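What follows is each chain in one-letter form.
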Amino acid sequence: MKRLSYYVSAACSIMLAACMSVTMSSCSNEDNPGGGQDTPVAPAAKVIIKEVNTSGGYKTIADDKNYSWCKGMILYNNSDAAITLKNLALGSVPPANAHGVFHSLDDAGNLIYKNAGWMPVWAAIWYIPQITIAPYSDAVIAINGAIDHSQIATGAFDLSDPSYYAMYAPTTSFVNANAYPEPATIPADHIWNAAVFGVGNAWAISVMCPDLLLFQFPEGIDPAAYCADSSNYWYDGQEKQANTCVKIPNSWVIDGVETFRIGYETDSHKRLTSDIDAGYSIYNSNKGYSLYRNVDKAATEAIADNTGKLVYDYDQAVEGTSEPSGIDAAASIKNGAKIIYQDTNNSTVDFHLRAGWSLK
């Protein structure tokens, strides 16, 4: 999970950073972002990937058939100030599965792009012109279908809330009707559009071991134009459309998450470089699992307003994973608490497997 400074506007007054560069700026020696214009930033304000649920594993109510079209994720404002971001984007690094065939390893087994300063995002990116996330709040995104999936399949969840967001790009090749039913309840400014440079009629996010990259296009760079420019391409294997990736500078990256499929850890290889994510969490298909971020116990308990609102004895961790804080974040949020999640840039310690979607 790479923490970078990015363009923000806060709803309340914040002390702005005193350091600026000709690109995105950061006062931290940990990160040195690049690209963009001189823009004051609030270094404490940050957006993180909080939850990912793509595994499927549901059965249709009508005829007990497999149902895998209920996929969602949650971004989270891990700070006490509202954040507005322009041209925020999401993508995935190849191969689709960490235990799949790699074309990006050298003879020593290292990623070819390990020290290149960019990540290859495969097939497509999803982006939104502008998004505002309130302090300690979610931006829930329907990856497939901003509908009430619980009416179709047992165990699936409802993604039709009008406060949610939806990936929906009917003017591109992503026209699979099962993956992208019309998001009738989602307002137009909550729609994430796609820039597609690969093939297929839907985004190939893994159900076994997804990896995700959250990044921001600098001011003045149009996402669609950038992704249409072949000078930004890199090919994962042969130079053909199915292997097309777009180079995303590491300095644009806000957060990254890597997972390996359970039982395939020794056959897997990291897709994200260690400066983006130093480790990996585990995942699996057909279980309905969520990859869920651990709570920063000390920081959360230090919030005075949380007194009496935090719920402990968390019991939703599965497959031998754990929530070290013991705090039930979802229950605490329903109880009015403000949660600060852990962000050490290492998925091994920052995430656990949750038995199911936290918002059910």
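These numbers come from a predicted model, not from an experiment.

What counts as what
Residues numbered from 1 in each chain as written. Predicted model: local features only at pLDDT ≥ 70, side-chain atom pairs only at ≥ 80, totals over all residues. Heavy atoms only, no water. Core = buried A, V, L, I, M, F, W, Y, C linked by side-chain atoms within 4.5 Å. Buried < 20%, exposed > 50% of the residue type's maximum accessible area, 1.4 Å probe, protein only. Helix = DSSP H or I, 4+ residues; strand = E, 2+ residues; numbered from the N terminus. Contact = heavy atoms within 4.5 Å. pLDDT = per-residue confidence, 0-100. Pairing = 2+ DSSP bridges. Axes fitted to C-alpha atoms, helices over the stretch in contact; angles between N-to-C directions. Phe/Tyr/Trp six-rings, centres within 6.5 Å; stacked < 30°, edge-to-face > 60°. Lys NZ or Arg CZ within 6 Å of the ring centre and 35° of its normal. Salt bridge = Lys/Arg side-chain N within 4 Å of Asp/Glu carboxyl O.

*Asks:* Give me the lowdown on the nonpolar core, citing residues and values where you can.
*Replies:* Judged by nonpolar contacts, the single largest core of 40 residues is most densely connected at Met73, Leu75, Leu88, Trp126, Ile131, Trp192 and Trp203. For this core, the leading source of residues is strand β7 (residues 124-133), giving five residues. Among residues more than four places away in sequence, those in contact with Trp203 are Gly91, Ser92, Ala124, Trp126, Ile143, Met167, Phe174, Tyr180 and Leu212. Formed by 26 residues, the second largest nonpolar core is a distinct cluster that contains Val93, Tyr127, Leu272 and Ile276.

*Asks:* Can you lay out the confidence of the model for the protein chain for me, pointing to particular residues and giving the numbers?
*Replies:* Chain-level statistics for the protein chain give a pLDDT mean of 90 and a share of 88% at 70 or above. Taken as a whole, residues 3-45 scores under 50 in pLDDT and shows 102 contacts with residues more than four places along the chain or in a different chain.

*Asks:* For the sheet that holds strand β14 (residues 244-249), give the residues involved together with the corresponding values.
*Replies:* Strand order in the open sheet formed by three strands is β6-β14-β13, with antiparallel pairing between adjacent strands. The sheet is open, and its two borders are formed by β6 (118-122) and β13 (233-235), each paired with just one other strand. When the angles between neighbouring strand axes are averaged without regard to direction, this sheet yields 45°. Bridge analysis of β6 against β14 gives five bridges, and the strand direction is antiparallel. Bridge pairing in β14 links Trp118 to Pro249.

*Asks:* Before we move on, could you go through the packing of aromatic side chains and cite the residues and values that matter?
*Replies:* Following the criterion strictly, the structure yields 18 aromatic pairs and no others. Seen from their ring centres, Phe215 and Phe217 are 5.6 Å apart, and the 65° between their planes marks the pair as edge-to-face. With a relative accessible area of 0%, Phe215 lands in the buried category. Among the aromatic side chains, those forming a connected cluster through ring pairs are Trp126, Phe174, Tyr180 and Trp203. For Arg354, the ring lying beneath its charged end belongs to Tyr292, and the centroid distance is 5.7 Å.

*Asks:* Tell me what's going on with unusual backbone geometry, and back it up with residues and numbers.
*Replies:* Residue Pro95 is bonded to the preceding Pro94 through a cis peptide linkage, with omega at -5°. Structurally, the position occupied by Pro95 is in the loop between β5 (83-91) and β6. Despite not being glycine, Ala123 shows a phi value in the positive range, around 75°. By the element assignment, Ala123 lies in the loop between β6 and β7. The exposure class of Ala123 is buried, given its relative accessible area of 11%. Look at Asp313: it is not a glycine, yet its phi comes out positive at around 60°. Tracing the chain through its elements places Asp313 in the loop between α2 (297-301) and α3 (329-334).

*Asks:* So what's going on with the pattern of salt bridges? Which residues, and what values?
*Replies:* Close approach of charged atoms allows side chains with opposite charge to pair. Enumeration over the complete set of coordinates arrives at ten salt bridges. In this structure, Glu258 and Lys270 form a salt bridge, with 3.9 Å as the shortest nitrogen-oxygen distance. Note that Glu258 is positioned in the loop between β15 (253-257) and β16 (259-261) and Lys270 in the loop between β16 and β17 (281-283), a separation of twelve residues in sequence. The pair Glu258 / Lys270 is uniform in exposure class, with both members buried. The shortest N-O distance in the salt bridge between Arg271 and Glu258 comes to 2.8 Å. A residue pair is termed long-range when its members are at least 10 positions apart, and Arg271 in the loop between β16 and β17 and Glu258 in the loop between β15 and β16 qualify at 13 residues. Grouping residues by exposure puts Arg271 and Glu258 together as buried. Because the salt bridges share partners, they merge into one network encompassing Asp211, Glu258, Lys270 and Arg271.

*Asks:* Tell me about the sheet that holds strand β3 (residues 66-67), residues and numbers included.
*Replies:* Either a parallel or an antiparallel arrangement is found when strands of a sheet pair, and the pairing is made through backbone hydrogen bonds. With antiparallel pairing, three strands are arranged side by side in an open sheet as β3-β2-β9. Only two strands of the sheet have a single partner each, and these edge strands are β3 and β9 (153-154). As judged from the two bridges shared by strand β2 (residues 58-60) and β9, these two strands associate in the antiparallel manner. When the sheet's bridge partners are listed, Thr60 is paired in β9 with Ala153.

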